[in-house]
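Fold and geometry: a report
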Amino acid sequence: MRRVLAALAACLALGGAALAAVRLTRPDPRSQALADGCRRDKQQIFAGLAPNWVYVNDAAAPADGPSPAPQRVSGVADAANRGYLATHPSGGDDPLTHLSYDFNVNVLPDARYEALVGGEPASRVGNFAGEGEEAGRLHSEREMGSLPVFAWAERGDRVSLLGSWVWDCDHFDTGERTEFHPYRAIWIERNARGSRAGPSPRSPRGESEGDLFVSTDATPAGIEAECAHRTKGADFKTCIHGSPNWLSANGRYEFRLPAPPRPGPGARLTVRVIDRGSSGSAPKLATRLDAAGVTVSAVLDAPAGTRLVLAKQVFLGWTPMPARSLPEHLRLTFTRVLIRRAMDPSCPPQNPGCPYANETTLLGQNSTAPGEWNVYWDVDGIWSLWKPALLLARDGQSFPGTQTVDFYVPRGEPWRLFAVARECDFGVIGSFAGQNVPIAPCPKTGEIGNAAGDDYAGALEARFASPAAGLGPHRTNSIVAGSDCPVSNRSGCYAISYSVARIDDAGRRAAGGR
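Residues numbered from 1 in each chain as written. Predicted model: local features only at pLDDT ≥ 70, side-chain atom pairs only at ≥ 80, totals over all residues. Heavy atoms only, no water.

Each aromatic ring pair is characterised by the separation of its centres together with the angle its planes make. Per the stated rule, a full pass over the model turns up 12 aromatic pairs. Here the aromatic cluster, defined as three or more aromatic residues joined through ring pairs, consists of Phe103, Trp152, Tyr376, Trp383 and Phe418. Geometry around phenylalanine 172 places lysine 42 over its ring, the cationic atom sitting 5.8 Å from the centre. Sitting over the face of the ring of tyrosine 101, arginine 422 holds its NZ or CZ atom 3.5 Å from the ring centroid. (Phe/Tyr/Trp six-rings, centres within 6.5 Å; stacked < 30°, edge-to-face > 60°. Lys NZ or Arg CZ within 6 Å of the ring centre and 35° of its normal.)

Take a look at the structure:
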């Protein structure tokens, strides 16, 4: 029995035309990206005169006809290097081409989808260049302002996406990379365990979890690719300022969610579906149970230009569940975040050894202390933004934790805490298409940063071998490698302190599930 997506959009309708599966050839940026519409001119991209994203194969799509159809992919959320960055909020994005920061999912695709990963492995060009998280992966992005937090994937999850298959024209030094940007739909099988489902970190009863998010919101990336197709380089800027924020997501969606292990012969399988903000003409999600799992399906058929969001969580589990079969209940309490380096201000390029050399490696910022920080955390797949969302930090300043997370881990199995942080540097620049507000959630200030982007304060990860191994107080330092935190800060530019306790309530949970 197939355990994952039966077909993300089997016979997907786009603009009234059926999209059948097409055999793809791995595209080579050296021969194709320019023909498809990339300009290789960062100044024009920043000025809104050239697209940051263009459709792969757009050269063969006439401007007066439909744009290249969206593609689908299934695989595992996995980073080639620095595995903790398999999924994460962006450390920095160009404010002129965004309204909010992206959430990134690096997909190691199943074999049938490998051709979506552009470039050439032997020559290490395109998606195969460098030693970063994206190498050999299909990098997939969607702005967090149009992606609810329940649909943020976690490292190791199985994911299936429908997305605009595009060239990222802004990164061309070793050949443009292909990516899904935006992904229009995502199905997430949480905590996947090979041939069987893993228990959800959100479920007190050890249920498996599948999350579905579909949206017609194009986001700026979608608008840019559509305008690149329609204008073929002529009057591109006028197009992006006047185009609707809409892309079709019509079609039939069908997914498979396997059941967790059956606790005994008397247990029966039950499914529950929770709406997480569906809107417009979103259809009901149909469910079909069998002995090994559930098939969920929906048909989307919204008129052109009509906004639609389908947002559902599916939980599948057994009733009754004896206490011995339930996962352990853990409670993590954040106690504080220590900002060792505010990362403002920076040194000028002509004097990299100035008194602020320990603050950031991004030189030439027009910025002053305090730093404007956003910190995101992830407890085994449960994500949030640190509260308050904006931390105005000076060197050595601590901020108390205000959040507690209840989560569930199978007995003797591993779990992790992950966090990532940015320091906002572009508060003086309005975001995409002339919006007079900075890229969300950064504040409006008089600062303008290095052209490379915001200060990326780095990530941190703590991995625990079992629920028992994580009990007690902890402090985890951020990782300097790959960040803009100078290496002189050997313990990183920030640290998070937290404590973990076990909640002994398995008997009550077992009784409540009967």
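Applying the stated criterion across every chain, the model contains five disulfides. Shown here is the disulfide that connects cysteine 38 with cysteine 169, its sulfur atoms set 2.1 Å apart. Taking the sign of the S-S torsion, -70° for the link of cysteine 38 and cysteine 169, the bridge is left-handed. Highlighted residues: cysteine 38 in the loop between helix H1 (29–36) and helix H2 (42–46) and cysteine 169 in the loop between strand E10 (158–168) and strand E11 (177–189), separated in sequence by 131 residues. A single burial state applies to cysteine 38 and to cysteine 169, both of which are buried. Disulfide pairing places cysteine 485 opposite cysteine 493 at an S-S distance of 2.2 Å. In this structure, the disulfide formed by cysteine 485 and cysteine 493 twists by about 90° around the S-S bond and is classed as right-handed. The burial state of cysteine 485 is the same as that of cysteine 493; both residues are buried. Counting only the cysteines that take part in disulfides, in the order they occur along the protein chain, gives the pairing 1-2, 3-4, 5-6, 7-8, 9-10. (Disulfide = S-S within 2.5 Å. Helix = DSSP H or I, 4+ residues; strand = E, 2+ residues; numbered from the N terminus. Buried < 20%, exposed > 50% of the residue type's maximum accessible area, 1.4 Å probe, protein only.)

Further remarks concern the pairing of strand E27 (residues 494–503). By the bridge criterion, 10 bridges tie strand E18 (residues 328–339) to E27 in an arrangement that is antiparallel. Pairing of valine 337 across the sheet is with isoleucine 496, part of E27. Pairing of strand E26 (residues 472–477) with E27 involves six bridges; the strand directions are antiparallel. Bridge pairing links threonine 476 to isoleucine 496 in E27. (Pairing = 2+ DSSP bridges.)

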